[in-house]
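Each chain is listed here by its residues.
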Amino acid sequence: MDVIDQIGLFFATIGSLVTSPTVLVILFLSSLLGIVFGALPGLTATLGVALLTTLTYGLPLEQALVALLALYVGAVYGGSYPAILVNIPGTAASAASAMEGYPLAQRGEGARALGLTTTASFVGTIIGMVFLVTLAPQIVSLALQFTSYEFFLLAVFGILISGTLTSSDLVIKGWIAGLLGLALSTVGRDHLQFYPRFTFGMPELDTGLEVVPVLIGAFAIPQIIRVLRDDLALGEPKLFTRILPELGTMLRNAKHIVRSALIGVGIGSVPGIGEDIAGWVSYGAAKSTSRHPETFGKGEPAGLVSSETANNACIGGALIPLLSLGIPGSPPAVMLLGALMIHGVTVGPMIEFDRPGFITQVTAVLLLASAAMWVNGMLLARHVVRVLKVPTAIFMPVVAVMSVIGSYALGLNLFNLYLMVPIGIAAYFLTEWKYPISPLVIGVILGPMADTNLRRALMVSEGDMTPFVTRPVSLILLVLIILIIVSQFPPARRARRRLMARLTPARSPSKPTNPALDES
Amino acid sequence: MSDPSDTRKLRQADLWTGLGLVVFALGMLGVTATFPITDSYGGVRNVWYVSPALLPLLIGVSILLMAGMLVRKAMRDLGPEGVRQTLRLPQAGFGSRTQRLLLILGSVCAYVYVFIPVVDFALATALFLAVFIFGFHLDREASVARNLLILIASTVTVGVAASVVGQEARDAVVDALTGSAVIAAAAINARALARQQLPLVAWRKGLIVAVLTPLLLCPLFKYGLLVPLPYEGTVIGAMDALRYAVFR
Amino acid sequence: MRRAPTLITSLLSSTALAAAMLAVSPAAAQDYPARDITNVVVWSAGGGTDVINRVVSEQMAEILDVNINVTNRPGGVAGSLGMSYVFGQEADGYTLVGLSESCVTAAVQGGWDQRFDVWYPFIVGGSPDIVSVNADSGFETLTDLVEAADGSINAAASGAGSIHHLNLLALMDGTGAEFNFIPYAGSAPSQTAAMTGEVTVVVTSLAEQQQLIRGGRLVPLAMLTPDPFELEGVGTIPSAFDAYPQLDEYLPISQAIGMAIRADAPDDVKETLSAAFTAALETDEVQQWAVENYYLLSGLTGAEAQEEFASLESLFSWTLWELEAAEVNPEELGIPAP
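Since the structure is predicted, the reported quantities are computational estimates derived from the model, not experimental observations.

Trainee: What am I meant to see in the overall build of chain A here?
Mentor: If you tally the helices and strands in chain A, you get 23 helices and 2 strands. Taken over 520 residues, chain A has a buried fraction of 66%. Excluding contacts between residues fewer than 6 apart, the proportion of contacts in chain A whose partners are at least 24 apart in sequence is 79%. Carbon and sulfur atoms provide 69% of the accessible area of chain A, an area that totals close to 17300 Å². Across chain A, 31 positive and 28 negative side-chain charges occur, with their mean positions spaced 12 Å apart.

Trainee: Would you mind showing me how to read the domain arrangement of chain C here?
Mentor: When the parts of a complex come together, some accessible area is lost, and that lost area is often used as the size of the interface. Residue and element names in this part refer to chain C. Looking at chain C, the domain boundaries give domain 1 (37-127 + 255-322) and domain 2 (129-249). Between domain 1 and domain 2, the C-alpha centre-to-centre distance is 27 Å. Domain 1 puts 11 residues into the contact, and the matching count from domain 2 is 15 residues. Sorting the residues of domain 1 by area buried against domain 2 places Ser127, Tyr294 and Phe316 first, and these three jointly supply 54% of that buried surface. Our count for the domain 1 to domain 2 interface comes out at 1 residue pair in polar contact (both at pLDDT 80 or more). The element best represented in the side of domain 1 that touches domain 2 is helix H11 (residues 302-322), accounting for 4 residues. Residue classes in the side of domain 1 that touches domain 2 are distributed as 5 nonpolar, 4 polar and 2 charged.

Trainee: For this particular structure, what's the right way to read the pattern of salt bridges?
Mentor: Oppositely charged side chains are able to pair whenever their charged atoms sit close together. Tallied over the full model, the rule gives 18 salt bridges over all chains. Across the pair B:Asp14 and A:Lys173 runs a salt bridge, and its minimum N-O distance is 2.5 Å. Of the two residues, B:Asp14 is situated in helix H1 (residues 4-32) and A:Lys173 in helix H9 (residues 171-185); the pairing between them involves two chains. Both residues of the pair, B:Asp14 and A:Lys173, belong to the buried class. Linked through salt bridges whose partners overlap, the residues forming this network are A:Asp190, A:Arg197, A:Asp451 and A:Arg455.

Trainee: Teacher, can you tell me more about the pairing of strand E2 (residues 68-72) of chain C here?
Mentor: The side chains of a regular strand alternate, first on one face of the sheet and then on the other. All names here are of chain C. Across the 5 residues of E2, 5 count as buried, placing the element largely inside the fold. Of the two faces of E2, the one lined by Ile68, Val70 and Asn72 and the one lined by Asn69 and Thr71 are each fully buried. Of the crossover connections in this fold, the one passing from strand E1 (residues 37-41) over helix H2 (residues 48-64) to the parallel E2 is right-handed.

Trainee: Would you explain a nonpolar patch on the surface in this entry?
Mentor: Residue and element names in this part refer to chain A. Where nonpolar side chains cluster on the molecular surface, the patch consists of Val469, Leu475, Ile476, Val479, Leu480 and Leu483 and spans about 510 Å² of accessible area. It is helix H22 (residues 472-486) that contributes the most residues to the nonpolar patch, 5 residues altogether. Looking at the element boundaries, Leu483 is found in helix H22.

Trainee: Is there a simple way to explain the sheet that holds strand E3 (residues 95-99) of chain C in this structure?
Mentor: Sheet strands associate in pairs through backbone hydrogen bonding, adopting either a parallel or an antiparallel arrangement. Residues and elements named next belong to chain C. Overall, mixed pairing links the 6 strands, which are arranged E2-E1-E3-E12-E4-E13 in an open sheet. Edge positions in the sheet fall to E2 and strand E13 (296-297), since each of these pairs with one other strand and no more. Together, E3, strand E4 (119-126), strand E12 (257-262) and E13 form the strand contacts of helix H9 (residues 267-282), whose direction differs from that of E4 by roughly 5°.

Trainee: Just checking my understanding: could you explain the sheet that holds strand E9 (residues 218-223) of chain C for this structure?
Mentor: With mixed pairing, the 5 strands of this open sheet are ordered in space as E7-E6-E8-E5-E9 (chain C). Of all strands in the sheet, those bounded by a partner on one side alone are strand E7 (178-184) and E9 of chain C. Adjacent strand axes in the sheet meet at a mean angle of 30°, parallel and antiparallel pairs treated alike. Where strand E5 (residues 129-134) of chain C meets strand E8 (residues 201-205) of chain C, 5 bridges bridge the pair, whose relative direction is antiparallel. Along E8(C), the bridge assignment pairs C:Ser132 with C:Val202. Relative to the sheet, helix H20 (residues 438-460) of chain A contacts strand E6 (150-158) and E7 of chain C, its axis offset from that of E7(C) by approximately 165°. In the packing of helix H6 (residues 187-196) of chain C onto the sheet, contacts are made with E5, E6, E7, E8 and E9 of chain C, and the angle to E8(C) comes to roughly 150°.

Criteria and cut-off values
Residues numbered from 1 in each chain as written. Chains lettered and ligands numbered in written order. Predicted model: local features only at pLDDT ≥ 70, side-chain atom pairs only at ≥ 80, totals over all residues. Heavy atoms only, no water. Helix = DSSP H or I, 4+ residues; strand = E, 2+ residues; numbered from the N terminus. Buried < 20%, exposed > 50% of the residue type's maximum accessible area, 1.4 Å probe, protein only. Contact = heavy atoms within 4.5 Å. Areas by Shrake-Rupley, 256 points an atom, 1.4 Å probe, with all protein chains shown as cover. Lys, Arg positive; Asp, Glu negative; His and termini not counted. Charge placed at Lys NZ, Arg CZ, Asp CG, Glu CD. Domains from an automatic or database assignment. Buried area = accessible area lost by both parts, 1.4 Å probe. Polar contact = N/O pair within 3.5 Å; in protein donor to acceptor, adjacent residues only side chain to side chain. Nonpolar A, V, L, I, M, F, W, Y, C, P; charged D, E, K, R; others polar. Salt bridge = Lys/Arg side-chain N within 4 Å of Asp/Glu carboxyl O. Right-handed = clockwise from strand over helix to strand, strands pointing away. Patch = residues over 30% accessible without salt bridge, like charges linked within 9 Å, V, L, I, M, F, W, Y side chains within 5 Å. Pairing = 2+ DSSP bridges. Axes fitted to C-alpha atoms, helices over the stretch in contact; angles between N-to-C directions.

Below you can see the structure in the form of structure tokens.
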């Protein structure tokens, strides 16, 4: 099929979908359900897709696709609601959004933050979609550059960067939090030899710690405790805040948006990691290229827009290896793969042969899904902000109940609850001592990837370390990792400051935002 | 973070956590040492680099190193006198802040470890919400302590009942006790408010939320999301009966 | 002020009483199935076992005229968490367990202490295993590969003791080839590794590989079943048995994906479910689904299905024991050696 046909089919698909009232109802309801699933702690995109798979079994493939993708897009976006409003990220993907969104909400600009997020997510999804249609083959060949060596380094990179970015005290504390997350991830049978590690004879620990209870325990419990213990008020919304697309702010941040979308697509296309890392990496990139990095962490719209654009751009990126190789990039993508299989669609290199135009159809559906998300978001945000008017002493206990049932819902496993509480209490004390929590969660998510890929890489090379430096992608990652580590030590920081001072003589050398490892 | 006294407190905490982390890392390395390092396991030829001990070793050593740096930095910033001061055991106060913390942690722990496994989820949730909301939403200072007592009393009662009563009667007894605890909590708090001549608005709101939340959440999860609840006793059983009576 | 609590108290207690009365009133005795059935799949959502259970449950639900709610309860060892949960429910046929052949290892791996004969299984079937190589590896036939296999060639399959690993082991035993086994966390990553060239050989099922084979990213060498397979657009994939007839001592080891109820369920429940299951497999939807997805339907129920699982249990358990990856000696569990 040539390009003209593709474009024709694209608009024909959109046309046929939007003129059917049934499809429109399915579209908006699924999108709304997705936002709810993303917003409630513990209800994940994975669970939502699983639920809709059952419900859409009887529908024709096209309508089922509308439902599933609308939910997926909505859920990735919806995670930003609790992250911004109450500082409890609904999904790991929105943890980076809490960094800027929560301070904004505390200033009373919660509605504005939600509006920005909505538009950024929409733009991100659209850019991801454009890549899906235009550059899929190239991106696939890039994704195939990733073997065990690269996966190991990528995991280390993800943990390091979130550790570096989230520390409000010493950077080393962020790294320690990441290492603690890694340590937790080694609990359970290892994935190569099934040797039980740190299980202490408990069969419940055999499969290791699940991410959802760790996520909820680590984010929700400390925040519930903090708010109620100190009788804090959540950011009361200023009255009459209108929610606008804020095209001006978006245009001003155009470079952040484009860069974040590229990062999102790139990271999404690498199987195994996804939205959670994309948010952090693009947030970090925005901070380090910003002309005023000191405003980050205090409600900087650029940071919020960056992380939200990236995590939604990931969807298009994740669909690339899913549709063209049959490799799911993230847990919800695994479920999506299963849902497609139920409808008799096996994705892979032959998809265009088996079902001509399928990818174009998916793209069209993705466009509709993000449009529905945007409309829903713009209508919802104004009302959602009102939850902040509920007294915290009533609101937070209900959040606690939601967290408990959310931790239970995915695995239907009481042990997850038993796990969530001690992790939450430990996380509370860690945050009290100014250890950031996100790196810990990222460590738990990426730990198994780091573990198996390191050992497998060495297994394949029979103990030889040289592929780490001879493989191009691996070398780039290695250099980045070393740069991040070295840049936190005083001599490097001084050198950088001198360099910056020389490059920008007009401006006074900016003070470091992190006291880091200063020896002085 | 610019406040020097804050930074000093942090460094003091760092000294403690640093030492804690050293212990943690040593423990982790100790357990790791028992992992197979050379012999074949699970059909995979085992060499040091394939061993399941590889990553835990790396993590343990890294934590040890970083904890060491943390302690060194803390000691340097605090000075020898500061270190000595810090290492003297801190006195735990039983102020109102500690009480609040205890109520939060206590109610979450009781909910998860005692009530959820044996008590009907709707009832357990209602009690948790009642104690939690009344504790923080009413007359503040006094209500925290009062609801802490209610929490302890009901937890002990239900916990003992769950382990003493036989299998057949357990559901009914435990659920009845939890239900009465909700009613008792509502009554005790209302009495206390009335005695202080305080309005009952907040109390009424709290009670409504405590009772309505589980009544809405349980059917939503069970029938809407097809998520069976952790323990389904009398109330959820009644919901089931109602649902089959209506839809069949 | 004093009146408020008493009012509420009486209101609450009367509601509680009403609720309790509703709960104890026994449901009228009706023929099975009188209410919704739950199918608890022991693997996570979106996997092969999950998908098959959802497809077949949907058809069975229509036949039985009740809902069958498919939920997932993954975790534990080889699905032990979900199995223990279903085993703890009443043996009334209202809770099914969705499982696969790997679940037979739960006992020897220390996940729980029951033999597989506590289940009354229904086997949907599975997809045959196939051995393929990286497209640039230069190998064109199984004989080429076996002759070059001196232990230096890397072969991918999902983790130790998985069905694909057992097929790989059987291939090695039956042909004398030696591979360096590299385990992956499932079939998709194993196949990706063979595509990127990280490993040369991969053993997974035809269903999982067909797209990659037809897309030219993997080269199929042989089916690990006695029969060749005609793959659209690729041609005939020969059986490994043609070149190595002695393989029939070790192969085929087929997937057995399906569902089960407790073996001590009443006979009429078993009959009703068996009939619904058999009818469901014969529906056009399931038949067509199986063809589109390269699954071979089995349809075994009851004693025959138990026999199939018993032989898988013995094979898997003893292989794991020999690989020193089992925690419990299969002998202690009374599992006969294959």
